[in-house]
Structures are given as C-alpha cells and as structure tokens.
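# Chains, contacts and geometry: an overview
Okay, here's what each chain looks like letter by letter:
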Amino acid sequence: MSTQPTDFLSGVIEGFYGPPWSPAERLELFDWMAAWGLNTYLYAPKDDLKHRALWRELYSEGEAATLRELIRAGKLRHLRFIYALSPGLDIRYGSEVELELLRKRFAQMLALGCENFALLFDDIPDRMDVADAKRWDSFAAAQCHVTNEMFRWTRERSPAARFLFCPTPYCGRMAERNYGGEGYLATVGRELSPEIEIFWTGPEIISREIPVAHIQELQKVLRRKPLLWDNLHANDYDGRRFYCGPYAGRAPELRNEVSGLLVNPNNEFPLNFVPLRTLAGFVCGTGTWDARNAYLSAMREWLPHFATVGQPVTLEDLIGFGDCFYLPHEEGPEAQALFENIQALLSTHPAQWGERAAAFRQQAARLRDFCARMTELRERPLFYALSRRVWELREELDLLEKFVAFKSQPANHHASFTSDFHLPGTYRGGLVARLQRLFPQQPDGSFTEYRR
Ligand code: GDL
C-alpha cells in the first residue's frame, strides 16, 4: 500500500541525450509503471529535435499521431503524461512572437490530449540577448516571466494542469558556482508562481546521496518543496556503462520533503527493469529502505527476461553479473570482491599468490561464461542493449584469466605476458582510449599530467 498522497509525482523522465525510446518501449514502460504503482511519465528526450533544438516547430501529422497514441495509452493506464519543452538554447525571453510560438506548441499538445506541461532550462548557455539583458537584470527573472505566462495560459485551458520548471542551476554544485547568475534560485523562489514545481537533481547532477537536510535547506530558498529529477541511473554520459543497481542513497524520509520523485534512467530501455522496480518499491513502501534487499528481489522478477535458447541462467549468476553494472559510484559486492582479488594478485609476486589465483580464475570464468550465454537470450532487444558492454567485460576477464594462468607457472614468474587476442590497435585502441591513458584522473578527482 502506498503511503504517498495521490498528488505525489512518481515515475520516469525520458530526459537523456541520445536516441529516444521507441513507441513499443514506451508502452512497455507504461505497463511496468501501472503494475508497480508509479504514476507519472515526463516526455523530455533531449534529442527529439522538436523538444529542444527546433522547439519552435510544430510536430508533423505523423509525429502528432504517435504522440496522441502515447498520451492515450498513458490515460488508459491512469498515468499522468507531462510534455516538456526546452526553448532555452536560443529563446528571446522578451519577445511576444516567441511566446506565441510556445503557446502554439502547447496548444498542439493540448489538442493531442496532453494536460500537463514543463518548461526546462537545463544545459543551456547562461546568457541572454541584448534586448533581454536590458529588460531584466537576471536570467532567472527572464525565465520566470516566460514560465509564469505559460503557466497562466495553460491553467486557463487545463485547470488541473501540473506545471514543472527546470532551473538553469539544478543541483547544489551548480548553485554554489553561481551558475545562471548570483541569486538565481532566490529570484526563482520569489518570482515563480508558487504552484509551479521546480526540479532538482540533488547535491550533484548525478547524486550518490541526497540528504534530507540538503533538501530542507533548498526548500527555504525555493519557497516550496522541490521535485526530484534523479539521474542516479542515467548513463548517457558514459557509453561503456549501464546501471542496474537498486534505487539507493536516499532515505525514505526524503519522500516527505519533495513534491515528487522522477528518475531519468539508462538510455537502453530494457536495462531499466531493476532501477524502476526498486524506485517503485521506494516510493510505495513504508518504513525503512534496504536497497540491497530491494535489488535482490527485483533481480528475481527480472530473471524470466533472461530465458535463453540454451542452458538456463541462474538467479545467482544474474546477481553476480548485475553487480558488475551496479551504480555510478559503486560496484555490487560480488564485482567488488572480484576486483579486489585481481588487484591483490597484480600487486603481489606470483610466488605468493597461493589459493587466491585459483579462486580468481574460477570467479572470472563463471562470469565470462555468463557473458557468453547472453548471446543466447530469447529477448533480443535485451541482448542488443547489453551486447557492447558484455563484450568488453568478457574481453577483460579473458585477458586476466590468461594472465593469471600464465604467471601461475613458476617458469613464467619473470617472463613478460602477451595475448594473441589482445593486440595493440584493435584492443583498447582509438583516440579516446589514448587520451584517457595520457591524462589519468586520481581517485580524489584531480588530474595529473603525463610524465615520461
Ligand atoms: C543532465 C541533463 C540530463 C542528462 C543528465 C545525465 C538534467 C536536469 N539534465 O544534466 O538531460 O540526462 O544530466 O547526463 O539532469
């Protein structure tokens, strides 16, 4: 049973950079959300051209028909559909012509059945054109002007509309750096109509934790409860990773301090099962929150999606695999243990390896075997979503296994090791990998120059 009032927004933002989800994926998402008790979907794919770069252009008939279908599908499942527009790249805030274009865009969406809206001003140049700078002494005031007007206009046509706003500084670090100009958030808190909800991603864009005290401080400035835009499982910033760990690092008390909790997850839709299942558990749960337990039970529910054309996959193996792609700031315990094992081996002379070498080889071989079996998944979209990352993991495990086997032979203790399957150029090659090697980052975040 949910403890949350029905006006608490809970659900998903399609708000990442990269290819937007397909209509079929969105329908599957809606089915998951309805089954799990999440109530809101925010349409905000950064790379729908008409959401951001071409925000002035109406949707074509074909595009409109797809959106109408999506909105209808949401309604059938009693989900709240919110349409977001991001005009901030180049809008002239003081122009009546621009405001009229915004109204036309919203009017088209209203005609398609959409009742709730958002204006997003994240990730935009933080400056105004000359005329706007003359009229407003701050960026925040200009954005409030446009947003308040669009809110008023929308409520006249859709009286129960929820209306959301994403500020230019949308996390603690950006606010500290005075992104958007000094006093930006205070101006928004004062000038933005109190019924408009304001997004916030926590102390960071990708927040490992979102402390209750951090949000309570923010409430004073914004003069309302913020609405969380949680990027914990977003992976658009790193093509090598995805996150299938649990919703974590947020205390259950946080639910009382925000007007809702929306997550912007992995680009690859099929990889979001556990993140969204555990989010639903967090939002709808009562009492304490045990993220690891939530993960283990969501993994059990995800397992049937891993049916293969060959040998079945076990829950134990799936959990170990999921631990390798857990959360941005931490590996799951099994992956961490594997890492520590190989780290210890690499820093010790092979004569001292003892039992550890065999233990590592066994662990790695099992995981590598699991990765190989992913090619046999019946759900091909799930395999395609996994395939590049699984390939990379397999390569690294294979290399390390070969290395440990080679060095375990006393005759090879001092011999140098090479692998015929890991050759310069085709292995860890390319400009990006070379740049990374040239300019490594320390665990404390600092960068060191390369020294010969
Ligand atoms: C962001 C972007 C978001 C992106 C995420 C992760 C917000 C408000 N905006 O800054 O579109 O997916 O980071 O890269 O979070």
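Criteria and cut-off values
- Residues numbered from 1 in each chain as written.
- Predicted model: local features only at pLDDT ≥ 70, side-chain atom pairs only at ≥ 80, totals over all residues.
- Heavy atoms only, no water.
- Helix = DSSP H or I, 4+ residues; strand = E, 2+ residues; numbered from the N terminus.
- Rg over C-alpha atoms; globule rule 2.2 N^0.38 Å.
- Buried < 20%, exposed > 50% of the residue type's maximum accessible area, 1.4 Å probe, protein only.
- Contact = heavy atoms within 4.5 Å.
- Areas by Shrake-Rupley, 256 points an atom, 1.4 Å probe, with all protein chains shown as cover.
- Pairing = 2+ DSSP bridges.
- Axes fitted to C-alpha atoms, helices over the stretch in contact; angles between N-to-C directions.
- Domains from an automatic or database assignment.
- Buried area = accessible area lost by both parts, 1.4 Å probe.
- Salt bridge = Lys/Arg side-chain N within 4 Å of Asp/Glu carboxyl O.
- Polar contact = N/O pair within 3.5 Å; in protein donor to acceptor, adjacent residues only side chain to side chain.
- Nonpolar A, V, L, I, M, F, W, Y, C, P; charged D, E, K, R; others polar.
- Phe/Tyr/Trp six-rings, centres within 6.5 Å; stacked < 30°, edge-to-face > 60°.
- Lys NZ or Arg CZ within 6 Å of the ring centre and 35° of its normal.
- Parallel < 35°, antiparallel > 145°, perpendicular 65-115°, else oblique.
- Left-handed = near helix turned anticlockwise from the far one by under 90°.
- Near = heavy atom within 4 Å.

This next bit is on the overall build of the protein chain. When its secondary structure is counted, the protein chain shows 15 helices and eight strands. Relative to the compact-globule value of 22 Å for 452 residues, the protein chain shows a C-alpha radius of gyration of 25 Å, a close match. Along the first, second and third principal axes, the C-alpha atoms of the protein chain reach 80 × 50 × 45 Å. Per-residue burial for the protein chain yields a buried fraction of 51% across its 452 residues. Within the protein chain, contacts between residues separated by at least 24 positions form 75% of all contacts whose residues are at least 6 apart in sequence. Split by element, the accessible area of the protein chain, about 21,500 Å² in all, is 54% carbon and sulfur.

Okay, the sheet that holds strand S4 (residues 116–120) next. Here we have eight strands rolled up into a closed barrel, ordered S1-S2-S3-S4-S5-S6-S7-S8, and parallel in their pairing. This sheet shows a mean twist of 25° between the axes of neighbouring strands, independent of strand direction. Two elements, strand S2 (residues 40–43) and strand S3 (residues 80–85), share four bridges in a ladder whose sense is parallel. Across the sheet, Tyr-43 pairs through a bridge with Tyr-83, a residue of S3.

Attention now goes to the domain arrangement of the protein chain. By a widespread convention, an interface's size corresponds to the accessible area lost as its parts come together. According to the domain assignment, the protein chain consists of domain 1 (9–286) and domain 2 (315–435). Relative placement of domain 1 and domain 2: their C-alpha centres are 38 Å apart. The partner domain 2 presents 14 residues to the 19 residues of domain 1 that form the contact. Summed over both sides, the interface of domain 1 with domain 2 buries roughly 1,500 Å², with 61% coming from carbon and sulfur. Three residues, Arg-208, Arg-240 and Phe-242, lead the burial of domain 1 against domain 2; their summed loss comes to 35% of the area buried on that side. Along the contact surface separating domain 1 from domain 2 lie two salt bridges. We note a salt bridge from Arg-240 to Glu-392, for which the minimum N-O separation is 2.7 Å. Counting across the domain 1 and domain 2 interface gives eight residue pairs in polar contact (both at pLDDT 80 or more). Looking at side-chain class alone, the side of domain 1 that touches domain 2 contains ten nonpolar, five polar and four charged residues.

Let us now look at the packing of aromatic side chains. Think of a pair of aromatic rings as described by two things: how far the centres are apart, and how the planes are tilted against each other in angle. Evaluation of the coordinates by the stated rule reveals 32 aromatic pairs. For the pair Tyr-93 and Phe-139, a centre-to-centre distance of 5.9 Å together with 80° between the ring planes defines the contact as edge-to-face. In this pair, Tyr-93 is assigned in the loop between S3 and helix H3 (96–111) and Phe-139 in helix H5 (residues 139–157), connecting sequence segments 46 residues apart. For the pair Tyr-93 and Phe-139, a shared accessibility class is recorded, and that class is buried. Among the aromatic side chains, those forming a connected cluster through ring pairs are Phe-16, Trp-21, Trp-32, Trp-36, Phe-269, Phe-273, Trp-302 and Phe-306. One cation-aromatic arrangement involves Arg-105 over Tyr-59; the distance from NZ or CZ to the ring centre is 5.0 Å. A cation over a ring is seen here: Arg-394 above Trp-391, with NZ or CZ 6.0 Å from the ring centre.

Moving on, we come to the packing of helix H12 (residues 333–346) against helix H14 (residues 380–408). Close contact between H12 and H14 brings their axes to 12 Å; oriented N to C, the two are set at 40°. Accordingly, the angle class assigned to the pair H12 and H14 is oblique. Between H12 and H14 lies a crossing of left-handed hand. Between H12 and H14, the contacting residues are Leu-338, Ile-342, Leu-345 and Leu-346 on the first element and Leu-397, Leu-400, Phe-403 and Val-404 on the second.

A separate point is the site of the ligand. Near the ligand there are 15 residues, and of these Gly-15, Asp-122, Tyr-170, Asn-231 and Asp-236 occur at the shortest range. A distance of 2.5 Å separates an oxygen atom of the ligand from a polar atom in the side chain of Tyr-170. Trp-229 is positioned such that a nitrogen or oxygen atom in its side chain is 3.1 Å from an oxygen atom of the ligand. Surface burial for the ligand is 95%, taken as the share of its 360 Å² of free accessible area covered by protein chains. Taken together, the residues of the shell around the ligand break down into seven nonpolar, four polar and four charged.

Within the fold, Asp-230 resides in strand S7 (residues 227–230). The exposure class assigned to Asp-230 is buried, which follows from its relative accessible area of 1%. For Asp-230, the residues in contact, after removing those within four places along its chain, are Ile-210, Tyr-247, Arg-250, Leu-261, Leu-262, Val-263 and Asn-264. A polar side-chain atom of Asp-230 sits 2.6 Å from a polar atom in the side chain of Tyr-247.

Next up on the list: the pattern of salt bridges. For the structure on display, the rule yields 31 salt bridges. The salt bridge partner of Arg-389 is Glu-268, with a shortest N-O separation of 2.9 Å. Of the two residues, Arg-389 sits in helix H14 while Glu-268 sits in the loop between strand S8 (260–263) and helix H9 (273–284), which places them 121 residues apart along the sequence.

Turning next to unusual backbone geometry. Positioned with a positive phi, Asp-123 is a non-glycine residue whose angle comes to about 50°. Of note, Asp-123 is situated in the loop between S4 and helix H4 (130–135). Although it is not a glycine, Arg-223 sits at a positive phi angle of roughly 60°. The residue Arg-223 is located in the loop between helix H8 (212–222) and S7 in this model.

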